[in-house]
Amino acid sequence: MESVQQETMIEDVSTLTRKPYAKRLAIFSGRYTEESFLSLIIAPFTICLNPAVLWSVVTLSFATAWQVVISFVLSQVFSAPPFLLSTAQIGYIYAGPVAGALIGAAICGLLSDPIAEICARKNNGIYEPEFRLFLVVGMALFMGLGFFLFGNLIEAGKSPVVAGVTWGISLVGFQFCSTAMGTYMVDGYKTISIEVFIIGMIFKNFLFFGFTFFINDWIAAWGPARMFNCIGGIQLGICALTIPMYIYGKRCRHAFGHHGVPHDEKSSVAVTEAAS
């Protein structure tokens, strides 16, 4: 029976022909869904009725926004006394966040799945997407530490190298944030994950645009230490919102028709071996 089904699938696939190159360049290539155009337009906004979506969008957007804020004020701070750095020297500071992002990505890649698997085993073999949220602990630790150190060390006149390192520390925390948000929304809300990322990009763009009107005046009025202490405090407060999300996330998923999935290591291995 299985061989017959496989042969039927192979025959169906073999009948598909690739479109010519010129047709693949066409601006419009037809409809790929039966949903109305209006429903596709409003879908990213209607899903904001889901508290988990709002939490995800706000958490990731502000975590991203603070990194953009540093870029906004970097030249303002380091081109003035006592640093008096040139344009090229200011650019070298970006080596810190690049290194931090790479290190954070590697750490999250090593921790994300093992943490979820351990939690699933503790949960009688049932995997819940909320297990992905434990990475937010790393987000709070590294982002809070990075922002607090960044502002206070700059105000103390420490080396720009130290500023680059502390900025890199905050980028490690940002990777924890993006990994936690991304995996949680894909695992818990797979059917609307695309809309979630779309509305997240829209919110972030408006947030960045709004910040441009006051960020430079803010640091000039408050100074780096006070400003980044405030940013660090706001970020920790946003991270604390993950606690009720972890507690009530399962109820939220059930209310919106999304559930956990069984986690059976033996069956997963069997499926993997069969696919290979």
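Let me begin by describing the structure that accompanies this report. (Residues numbered from 1 in each chain as written. Predicted model: local features only at pLDDT ≥ 70, side-chain atom pairs only at ≥ 80, totals over all residues. Heavy atoms only, no water.)

1. Observations concerning the packing of aromatic side chains
- Enumeration over the complete set of coordinates arrives at 15 aromatic pairs.
- Members of the aromatic cluster, connected to one another through ring pairs, are Phe62, Trp66, Phe203, Phe211, Phe214, Trp218 and Trp222.
- When the ring centre of Trp222 is taken as reference, the NZ or CZ atom of Arg226 above it lies at 3.9 Å. (Phe/Tyr/Trp six-rings, centres within 6.5 Å; stacked < 30°, edge-to-face > 60°. Lys NZ or Arg CZ within 6 Å of the ring centre and 35° of its normal.)

2. Structural notes on the environment of Phe197
- Residue position: Phe197 is located in helix H9 (residues 193-211).
- For the pair Phe197 and Leu60, spaced 137 residues apart in sequence, the C-alpha to C-alpha distance is 10.0 Å.
- Beyond its immediate stretch of four places on either side in the chain, Phe197 contacts Gly182 and Val186. (Helix = DSSP H or I, 4+ residues; strand = E, 2+ residues; numbered from the N terminus. Contact = heavy atoms within 4.5 Å.)

3. Topic: unusual backbone geometry
- The omega angle of the peptide bond from Pro81 to Pro82 is 5°, so this bond is cis rather than trans.
- Within the secondary structure layout, Pro82 lies in the loop between helix H4 (51-78) and helix H5 (87-92).
- Unusually for a residue other than glycine, Asn124 sits at a positive phi of about 60°.
- On the secondary structure map, Asn124 appears in the loop between helix H6 (95-122) and strand S1 (126-127).
- Of the residues examined, Asn124 reaches a relative accessible area of 73% and is grouped as exposed. (Buried < 20%, exposed > 50% of the residue type's maximum accessible area, 1.4 Å probe, protein only.)

4. Structural notes on the packing of helix H7 (residues 136-155) against helix H8 (residues 160-188)
- Interhelical geometry of H7 versus H8 gives an angle of 155° and a closest axis separation of 7 Å. The angle between H7 and H8 places the two elements in the roughly antiparallel class. Where H7 crosses over H8, the handedness of that crossing is left-handed.
- Here the residues of the contact of H7 with H8 are counted per class, giving 20 nonpolar, 5 polar and no charged. (Axes fitted to C-alpha atoms, helices over the stretch in contact; angles between N-to-C directions. Parallel < 35°, antiparallel > 145°, perpendicular 65-115°, else oblique. Left-handed = near helix turned anticlockwise from the far one by under 90°. Nonpolar A, V, L, I, M, F, W, Y, C, P; charged D, E, K, R; others polar.)

5. Describing H7
- With 20 residues, H7 extends 28 Å from end C-alpha to end C-alpha; this agrees with the ideal 28 Å at 1.5 Å per step.
- Where H7 is concerned, the buried positions are Val136, Gly138, Met139, Met143, Gly144, Gly146, Phe147, Phe150, Gly151 and Ile154.
- Packed against the buried residues of H7 are H4, H8, helix H11 (224-240) and helix H12 (242-255).
- In the segment just after H7, Gly157 is the residue with positive phi, at about 80°. (Expected span 1.5 Å × (residues − 1).)

Interpretation note: all reported values are geometric properties and have no functional meaning in isolation.
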